[in-house]
Amino acid sequence: MSTQIKERDTETESESSEESEHQTRRLSEKRERADMKERADNDLSEHDETVRLKVFRYDPEVEGKKDPRFDTFEVPFTKGMTVLDALIYARDHFDSSLTFRHSCRQAVCGSDALFVNGRQRLGCKTQMVDLEWPVRIEPLPHADVVKDLIVDMEHFYDQMESVEPYFQTNELPSGEEQRQSRENREKVKMSTRCIWCSACMSSCNVAAGDNEYLGPAAINKAYRFAMDEREGEDMKAHRLNIIEQEHGVWRCQTQFSCTEVCPKDIPLTEHIQELKREAVKSNLKFW
Amino acid sequence: MTIHEHDVVVVGAGGAGLRAAIAAEEEGADVAMVTKLHPVRSHTGAAEGGINAALRDGDDWELHAYDTMKGSDYLGDAPAIETLAQDAPEEVIQLEHWGMPFSREDDGRVSQRPFGGLSFPRTTYAGAETGHHLLHTMYEQAVKRGIRVYDEFYVSQLAVTDHDDPEDRECHGCVAYDIKSGDVVGFRARNGVVLATGGDGQVFEHTTNAVANTGDGPAMAYRAGVPVEDMEFVQFHPTTLPSTGVLISEGVRGEGGILYNSEGERFMFEGGYANNAGELASRDVVSRAELTEVNEGRGINDEYVYLDMRHLGEERINDRLENIIHLAEDFEGVNPIDEPMPVKPGQHYHMGGIETNENGETCVSGLYAAGECACASVHGSNRLGGNALPELIVFGARAGHHAAGRDLGTAEVDTGPSARTETEDGLDTPVEPGALDTPDSDVAADGALVEPVELVERAVERERARIEDMLERDGTNHAEIREDLQETMTENVNVFRREADLKKALEVIRECRERYQGVAVSDPSRTFNTDLIHTIETGNLIDIAETITLGALAREEFRGAHWRQEHQERKDGEWLKHTMISWNDGSPELYYKPVVLEGENKEYEPKVRSY
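Residues numbered from 1 in each chain as written. Chains lettered and ligands numbered in written order. Predicted model: local features only at pLDDT ≥ 70, side-chain atom pairs only at ≥ 80, totals over all residues. Heavy atoms only, no water.

## Section: the domain arrangement of chain A
Residue and element names in this part refer to chain A. Per the domain assignment, the segments making up chain A are domain 1 (48-150) and domain 2 (154-169 + 179-286). Spacing between the C-alpha centres of domain 1 and domain 2 amounts to 30 Å. The interface of domain 1 with domain 2 comprises 12 residues on the first partner and 13 residues on the second. For the pair domain 1 and domain 2, the two sides together bury roughly 970 Å², of which 53% comes from carbon and sulfur. The interface formed by domain 1 and domain 2 holds six residue pairs in polar contact (both at pLDDT 80 or more) in total. No other element matches the three residues that strand β4 (residues 119-122) contributes to the side of domain 1 that touches domain 2. (Domains from an automatic or database assignment. Contact = heavy atoms within 4.5 Å. Buried area = accessible area lost by both parts, 1.4 Å probe. Polar contact = N/O pair within 3.5 Å; in protein donor to acceptor, adjacent residues only side chain to side chain. Helix = DSSP H or I, 4+ residues; strand = E, 2+ residues; numbered from the N terminus.)

Take a look at the structure:
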């Protein structure tokens, strides 16, 4: 502190003799400031115009892609751009072998669940402006990677189909609809919104450690039918049996990760908890 | 070589494909679905509105048929329309019995609501997600029945005999590319192939359709000799988001949302487009008004207009239009409670398609089509809201039943070149349409003389060679061609159609076809090669774009969704007929067949379509 002041004093005192040195330093400081400003401006304008994607790449049979790597793409940013838009741009303009599933672009087909900046998200409904840049895009964790951002969905489909995911009843009115109360329809409403994207399954620590665990989506599917009054009480008991199995509802540790990542806002953890309570109640009835 | 054998092979697993497969299974057939997606990824899931069906006292199928005929602007065929209206109630009850979560009334019965152009509130719905629930409910039933699904298999060729007359040809199966493994495999269909490939909106640059909606079915059927019908009739929806094409429901305008231009004018009234109905005029009227504003320099960014619902207040918006907030925020980055939403017209639905009769049969025996890819024709020149979903289930079921052998009686709608009553020989096109080297078609050479399985094997060999070639050579990337094609279609064959623009489009399409000859796939991988899939799709888009444009150039009148600058009147004297285009082994031929206005109990009399 004192040294600094002293130096300054010295400078002032010997202004004329030190002038050139002083001026040089001032100029260099000014230059530095200008450079910094320019760099900042550049950064800013870069950010205004392009977004950097770091995308996971892997192909089991193409030389150079057998070892997983990350490729960087600079994509021009436009207002309203989603992660999917950016991937499509990168594929169509830089590398046509960049591979990912997508179809509807409006969050109903469930094809493009991805691991974006460390979280499961649907590429089509994630706005670029809501993310930290650069944006890191990886395939869903806890599933086998087929190529680039594509994972093998077979295990997920098997789990979904293992809970008898179809309406079953023995009593149907002839020529007209079954009756269902508005309250009951409301009760199953959120559970029927599932689009099979598997974001929940990918986020679940329990599913990651227990491959036979039904997982949040399949249990939610069971909930959708177990709670539907049109199937009747016998069928409900049958459904509770299915989800009570060793790798069923009791595995859930209520960590809520599935609920957090669900792009359709389905209260998955609550549904699992409710089935646990129903299972206890129905067991009490028998004993 | 792998050849899978089934009685019935259904191509596509959306609403129509699932219903066809379940129907064939009900009939005792061994059935398989082959789809380039997984069934639950199909675009049926995006349908919002509902399913028209006359279920209640005070309504009956004849009223539904009448509304549909009027909405079609008298270009629908009465036997098909009446079949739709008669079968829809039973099909809707069937869906309910399969557990579909319909919205309910206080008495527990399924709800119905009013929709545009309907004389009775007969649109049955499940929230604003009717298509999603219909798709999932039917997939669940397919799982229950253990129906075999080949998912992520892309069907790219049909196996059809090469008899000179398409009406003598037979379809014995199809060829598919196994996307995961890269194998080219055959499907032998002992009884029939049902095409249920959905829409073809990717022909246009701006569409509400999925990326997968590339008209594969119509393109394959067309090249195999089946005529395509009324291809010029494309529905454009007036309120889609500019950056993605995501649909903003008519409900926003129904609740009082207003449209205005860059000068703040409420142009539907101030511009005199619809002095009475204003924003609630029919889809084609609003779409034309929006584009007129943009073309005359009153658009925002020369591209779109504003749809504003801020004045409705946060509470009402949250209560009735909550999903719109999510759509605008997620897909356009706009919060519609604070800002107006940018909107512009986008391609939404294709009324035209593969010519079928009311049993789903095409003129090639063993080949069926149902759903948006088909043209029975129920929608004529304009589809009513709520009529797409019943079409899927009614005609999906009929095609599936018929293919599996059920007797549905003789159809009244005639198909094939023999239904021709008039040939178009005066069409002035700037370039020759069709194949670059004739003859060229997807039928197997000498296919008439070989056994069905051998026919499929030959088709597999041919397709394998074509794919190898595309993978191995160097050349143009398909994406550039697709982009130019989509651009010219949206610029020249959109809502407004002028003779000069249509001719310009034909020239660009021809250029695209020439460039496509040198197309190459740069991804060398056999694993999940989407570059290859998209390249094959782009070839299909070129054929579809050409038929839409040829039809639009030929039809010199203004009917339903088809507007021609030079011809501002509906001309019933001359144009109560379907535009038919036949590939004719590479030299497309245009001809006409009459509209069938004779119904079961009455003759439909063309009237002015006003509401």
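## Quick word on the packing of aromatic side chains
Under the defined criterion, the tally for this structure stands at 18 aromatic pairs over all chains. Seen from their ring centres, B:Tyr150 and B:Phe153 are 5.5 Å apart, and the 70° between their planes marks the pair as edge-to-face. Among the residues examined, B:Tyr150 registers a relative accessible area of 3% and is labelled buried. With 4.8 Å between their ring centres and 70° between their planes, B:Phe496 and B:Trp563 make a pair best called edge-to-face. Taken together, the residues B:Phe496 in the loop between α13 (478-492) and α14 (499-516) and B:Trp563 in the loop between α15 (530-554) and α16 (572-575) connect sequence positions 67 residues apart. For the cation-ring pair, A:Arg224 lies above A:Phe225, with the distance from its terminal atom to the ring centre recorded as 4.3 Å. Lying across the ring of B:Trp575, B:Lys577 places its NZ or CZ 4.7 Å from the centre. (Phe/Tyr/Trp six-rings, centres within 6.5 Å; stacked < 30°, edge-to-face > 60°. Buried < 20%, exposed > 50% of the residue type's maximum accessible area, 1.4 Å probe, protein only. Lys NZ or Arg CZ within 6 Å of the ring centre and 35° of its normal.)

## Points about the nonpolar core
Grouped together as the largest cluster of nonpolar side chains are 158 residues, with contacts concentrated most on A:Leu53 and A:Met128. Top contributing element to this core by residue count: helix α3 (residues 78-97) of chain B, with nine residues. Beyond its immediate chain neighbours, meaning those up to four positions away, A:Leu53 contacts A:Asp71, A:Thr72, A:Phe73, A:Val75, A:Ala86, A:Leu87, A:Ala90, A:Met128, A:Val135 and A:Ile137. A:Ile150, B:Tyr154, B:Leu506 and B:Leu550 belong to the second-largest nonpolar core, a separate cluster that totals 61 residues. (Core = buried A, V, L, I, M, F, W, Y, C linked by side-chain atoms within 4.5 Å.)

## Regarding a negative patch on the surface
On the surface, B:Asp60, B:Glu62, B:Glu412, B:Glu598, B:Glu600, B:Glu603 and B:Glu605 cluster together into a negatively charged patch. Structurally, the position occupied by B:Glu605 is in the segment after β20 (589-594). (Patch = residues over 30% accessible without salt bridge, like charges linked within 9 Å, V, L, I, M, F, W, Y side chains within 5 Å. Areas by Shrake-Rupley, 256 points an atom, 1.4 Å probe, with all protein chains shown as cover. Salt bridge = Lys/Arg side-chain N within 4 Å of Asp/Glu carboxyl O. Lys, Arg positive; Asp, Glu negative; His and termini not counted. Charge placed at Lys NZ, Arg CZ, Asp CG, Glu CD.)

## Side note on a nonpolar patch on the surface
On the surface, A:Trp250, A:Val280 and A:Leu284 cluster together into a nonpolar patch covering about 300 Å² of accessible area. The topology assignment puts A:Trp250 in the loop between α9 (233-243) and α10 (257-261).

## Here's the deal with the environment of B:Cys174
Take B:Cys174: it is sitting in strand β8 (residues 171-178). B:Cys174 sits in the buried class, given a relative accessible area of 0%.

## Describing the interface of chain A and chain B
In this complex, chain A contributes 60 residues to the contact, which on the side of chain B involves 67 residues. Surface buried jointly by chain A and chain B totals about 5,100 Å² across both partners, of which 47% is contributed by carbon and sulfur atoms. Along the contact surface separating chain A from chain B lie nine salt bridges. Where chain A touches chain B, the interface holds 41 residue pairs in polar contact (both at pLDDT 80 or more). Mapped by element, the contributors of at least two residues to the side of chain A that touches chain B are α3 (83-93), β6 (145-147), α4 (154-161), α5 (182-189) and α8 (215-226) of chain A.

## Observations concerning unusual backbone geometry
Leaving glycine aside, a negative phi is the common case for residues, and trans is the common case for peptide bonds. Cis rather than trans, the peptide bond between A:Trp133 and A:Pro134 has omega equal to -5°. The residue after B:Ala376, namely B:Ser377, is reached through a cis peptide bond having omega 5°. Within the element layout of this structure, B:Ser377 appears in the loop between β17 (374-375) and α11 (388-403). For A:Asn117, which is not a glycine, the phi torsion comes out positive at approximately 50°. Residue position: A:Asn117 is located in the loop between β3 (113-116) and β4. Classification of A:Asn117 by relative accessible area gives partly exposed; the value is 28%.

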